[in-house]
Amino acid sequence: MIEMRLAEVAAVTGGHLHRASGAERVSAVEFDSRAVGPGGLFLALPGERADGHAFAAAAVAAGAAGVLAARPVDAPAVIVPPAPRAAGTALDEHDPDGAGAAVLAALARLARHVVEALPALAVVGVTGSSGKTSTKDLLAAVLAPLGPTVAPPGSFNNELGLPWTALRAGPDTRHLVLEFSARGRGHIAALAAAVPPRIGVVLNVGSAHLGEFGSTAAIAAAKGELVEALPAGGLAVLNVDDPLVAAMADRTAARVQLVGRGAGAGISAQDVRLDRGRARFRLVSPTGSASVALRLVGGHHVGNALAAAAVALELGGTPESVAAALGSATPASRWRMEVTERPDGVTVINDAYNANPDSMRAALAALAAVGAGRRTWAVLGRMGELGPEAGAAHAGVAAEARRAGVAELVTVDAPDYGAGRAVADVDEAAGLLAAELAPGDVVLVKASRAAGLERLAATLLVSGEPCSSTAHHSQARRAT
Ligand SMILES: Nc1ncnc2c1ncn2[C@@H]1O[C@H](COP(=O)(O)OP(=O)(O)O)[C@@H](O)[C@H]1O
Ligand SMILES: [Mg+2]
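Before going into details, it helps to say that this report is about the structure given with it.

Scoring rules and cut-offs
Residues numbered from 1 in each chain as written. Chains lettered and ligands numbered in written order. Predicted model: local features only at pLDDT ≥ 70, side-chain atom pairs only at ≥ 80, totals over all residues. Heavy atoms only, no water. Axes fitted to C-alpha atoms, helices over the stretch in contact; angles between N-to-C directions. Helix = DSSP H or I, 4+ residues; strand = E, 2+ residues; numbered from the N terminus. Parallel < 35°, antiparallel > 145°, perpendicular 65-115°, else oblique. Left-handed = near helix turned anticlockwise from the far one by under 90°. Contact = heavy atoms within 4.5 Å. Nonpolar A, V, L, I, M, F, W, Y, C, P; charged D, E, K, R; others polar. Donors = N, O, S within 2.8 Å, 3.2 Å for Na, K, Ca; no water. Buried < 20%, exposed > 50% of the residue type's maximum accessible area, 1.4 Å probe, protein only. Pairing = 2+ DSSP bridges. Core = buried A, V, L, I, M, F, W, Y, C linked by side-chain atoms within 4.5 Å. Right-handed = clockwise from strand over helix to strand, strands pointing away. Near = heavy atom within 4 Å. Polar contact = N/O pair within 3.5 Å; in protein donor to acceptor, adjacent residues only side chain to side chain. Areas by Shrake-Rupley, 256 points an atom, 1.4 Å probe, with all protein chains shown as cover.

### Considering the packing of helix H15 (residues 426-436) against helix H16 (residues 454-463)
And then number 1: Close contact between H15 and H16 brings their axes to 10 Å; oriented N to C, the two are set at 30 degrees. What the angle tells us is that H15 and H16 run roughly parallel. Of the two possible hands of crossing, H15 and H16 adopt the one that is right-handed. On H16, the residues touching Val426, Asp427, Ala429, Ala430 and Leu433 of H15 are Arg455, Leu456, Thr459 and Leu460.
And then number 2: Partitioned by chemical class, the residues of the contact of H15 with H16 number 6 nonpolar, 1 polar and 2 charged.

Shown next as structure tokens:
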């Protein structure tokens, strides 16, 4: 961020100084008191287990310059005014008195102030039902060669993670990449008001969070808030292959760049083929074309890569430089289509970070591609947040697994699939797989985050060690 005095922070956030002179210098914000160092501004936020206000003194003892708080604390602070609480946002459940909403509103004002003080910064926002984090990582990979780039770790995409990320940008930063998430109408508009994007990418409108939104039309309305926030001089990058996204061209003042495989795309992929699940294609753009070979697994990354390419071409990249950067990008965020070869010849695809019907389809297609000619397993847990559609959505995924030629479907604590072999929990799944996996098999592990299937994936990887007892088990199996 730009360095500010605590008095300026008070002015920008509409708060008042408390036990502070105002001359304290602030150059970073942190929400984790253990991460705060000299020049840090500690955000006193309520949490699941504890209230950040209780850690104010500890944060300052650790070097923090001050605290952004909703009520008096025993440390130098800016006390911020109350703010309206928006339902369904980051802290909602753990914010009984609205202290969190007040601090987050102040954080949003601070982020806006800092970003506006950095006129050379290009803010790039990405949203969609699936692929935001993957595309954010691809954007970071294609933009970094063009200039200093700030992008969030993992999925920092809400009222806390997004402004926190924006405040990592400083006078030298050229590109700020942000992931915009929504659980309802107005969420993306609010995030975009805090950190206004110049370039907005919309990937797809699917059925993630259908339960909260009610309909795909409502999801499209919410995702489109990103392009509505763009200025006339900005750029909207829209996926031409998703009609609900392409239709967002009418909702923006910015120029529109359509990307995808379908007609009308200004930036497209030709001659797409999958090599053991990894896509190769020709990136075609108005300024030339170049060959891309992705390291990421799954045909769905073609669309993500095209969106990232459109942004990089807008910000000064050439087709060749963009193609090279796309080809060197490796999975940057954990548990998303992480492919590991076990020493015993079993391939594990860990996609346990999250799941919805669209990403399930993408993962099953990738499983089929990686597992061509081999025995394939899909070990699937529950998909959450689907509302009344949950039953039909699970049954649809089971049908999709059959169509994709999956040999063995195992469902973990998820009776809604109504097919495959049902096990009660992760331990039972691990037992079944230890007994039955054989060299050459390919196993996909996927579910919504709450199902905890990343633990199963971790167990599977340990099982592949040559000296573990389960490896002996699979050796024994090979002999039979
Ligand atoms: N364009 C896409 N279409 C469908 N599924 C995708 C796409 N991009 C990524 N995925 C899959 O969706 C899941 C979530 O990916 P992620 O990049 O974390 O998205 P998000 O941040 O939107 O949740 C992963 O299983 C990933 O493989
Ligand atoms: Mg994400």
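### Overview of the coordination of the magnesium ion (ligand 2)
And then number 1: For the magnesium ion (ligand 2), every protein donor is listed as Thr133 (OG1), Ser155 (OG) and Glu179 (OE), and the spread of their distances is 2.2 to 2.3 Å.
And then number 2: Sequence spacing of the donors to the magnesium ion (ligand 2): T-x21-S-x23-E. Linking Thr133 in helix H4 (residues 132-143) with Glu179 in strand E10 (residues 175-179), this pair joins segments that are 46 residues apart in sequence.
And then number 3: What makes Thr133 buried here is its relative accessible area of 5%.
And then number 4: Taking relative accessible area as the criterion, Glu179 reaches 1% and is therefore assigned buried.

### Quick look at the sheet that holds strand E12 (residues 235-239)
And then number 1: Ordered by their spatial adjacency, 9 strands build an open sheet running E9-E10-E8-E11-E12-E13-E14-E15-E16, and the pairing between neighbours is mixed. Of all strands in the sheet, those bounded by a partner on one side alone are strand E9 (149-150) and strand E16 (288-297).
And then number 2: Strand direction decides the pairing type here: strand E8 (residues 122-127) and E10, joined by 5 bridges, are parallel. Across the sheet, the residue bridging to Gly125 is Leu178, located in E10.

### Things to note about the nonpolar core
Inside soluble globular proteins, nonpolar side chains tend to come together where they are buried.
And then number 1: Counting residues in hydrophobic clusters, the biggest one holds 59 residues, and the most contacted among them are Val9, Val29, Leu68, Leu176 and Val195.
And then number 2: If you tally residues by element for this core, the top one is helix H3 (residues 99-116), at 9 residues.
And then number 3: Other than its neighbours up to four places away in sequence, Val9 contacts Met4, Val26, Leu41, Leu68, Val78 and Leu110.
And then number 4: In this structure, Val259, Leu294, Val302 and Leu313 belong to the second largest nonpolar core, which totals 39 residues.

### Thoughts on helix H12 (residues 319-328)
And then number 1: Taken residue by residue, H12 has Pro319, Val322, Ala323, Ala325, Leu326 and Gly327 as its buried positions.
And then number 2: As for H12, its buried residues are in contact with H4, strand E15 (278-285), E16 and helix H11 (301-314).

### Points about helix H8 (residues 216-223)
And then number 1: Burial in H8 covers these residues: Ile219, Ala220, Ala221, Ala222 and Lys223.
And then number 2: Looking at the buried side of H8, the elements it contacts are E8, helix H6 (187-194), strand E11 (199-202), helix H7 (210-213), helix H9 (225-228) and helix H10 (243-246).

### A short note on the side chain of Glu30
And then number 1: Assignment of secondary structure puts Glu30 in strand E4 (residues 28-30).
And then number 2: For Glu30, a relative accessible area of 10% corresponds to the buried category.
And then number 3: Contact partners of Glu30, with chain neighbours within four places excluded, come to Ala35, Val36, Leu41, Phe42, Leu43, Trp164 and Arg168.

### Some words on the pairing of strand E20 (residues 408-412)
And then number 1: Most of E20 is tucked away: 5 of the 5 residues are buried.
And then number 2: In E20, alternate side chains face the same way, and those of Glu408, Val410 and Val412 on one face and Leu409 and Thr411 on the other are all buried.
And then number 3: Considered for its hand, the β-α-β crossover made up of strand E19 (residues 376-381), helix H14 (residues 390-403) and E20 is right-handed.
And then number 4: When E20 meets strand E21 (residues 421-423), the two strands line up parallel, connected through 3 bridges.

### Observations concerning the pairing of E8
And then number 1: Burial analysis of E8 places 6 of its 6 residues in the buried class, which makes it a mostly covered element.
And then number 2: Neither face of E8 is exposed, since Ala122, Val124 and Val126 on one face and Val123, Gly125 and Thr127 on the opposite face are all buried.
And then number 3: Here E8 runs beside E11; their pairing, made up of 4 bridges, is parallel. Opposite Gly125, over in E11, you have Gly200 as the bridge partner.

### Some details on the sheet that holds strand E22 (residues 442-446)
And then number 1: Taking strand neighbours across the sheet as the criterion, the 6 strands line up as E17-E18-E22-E19-E20-E21 in an open arrangement whose pairing is mixed. Bordering the open sheet on either side are strand E17 (338-341) and E21, each of which pairs with just one other strand. Across the sheet, the mean angle separating the axes of adjacent strands is 20 degrees when strand polarity is ignored.
And then number 2: The pairing of E17 with strand E18 (residues 347-351) spans 4 bridges and is classified as antiparallel.

### Points about the site of ligand 1
And then number 1: Not every one of the 16 residues close to ligand 1 is listed here, only the nearest: Lys132, Ser134, Arg336, Asp351 and Lys446.
And then number 2: One nitrogen or oxygen atom from the main chain of Gly131 is found 2.9 Å from an oxygen atom belonging to ligand 1.
And then number 3: Here a nitrogen atom of ligand 1 sits 2.9 Å away from a polar atom, N or O, in the side chain of Asn304.
And then number 4: Within the complex, the protein chains bury 90% of what would otherwise be the 550 Å² of accessible surface of ligand 1.
And then number 5: Breaking the shell around ligand 1 down by element, the ones donating at least two residues are H4 and helix H13 (357-370).
And then number 6: When residues in the shell around ligand 1 are grouped by element, the largest group, 3 residues, is from H4.
And then number 7: Classifying every residue of the shell around ligand 1 gives 2 nonpolar, 9 polar and 5 charged.

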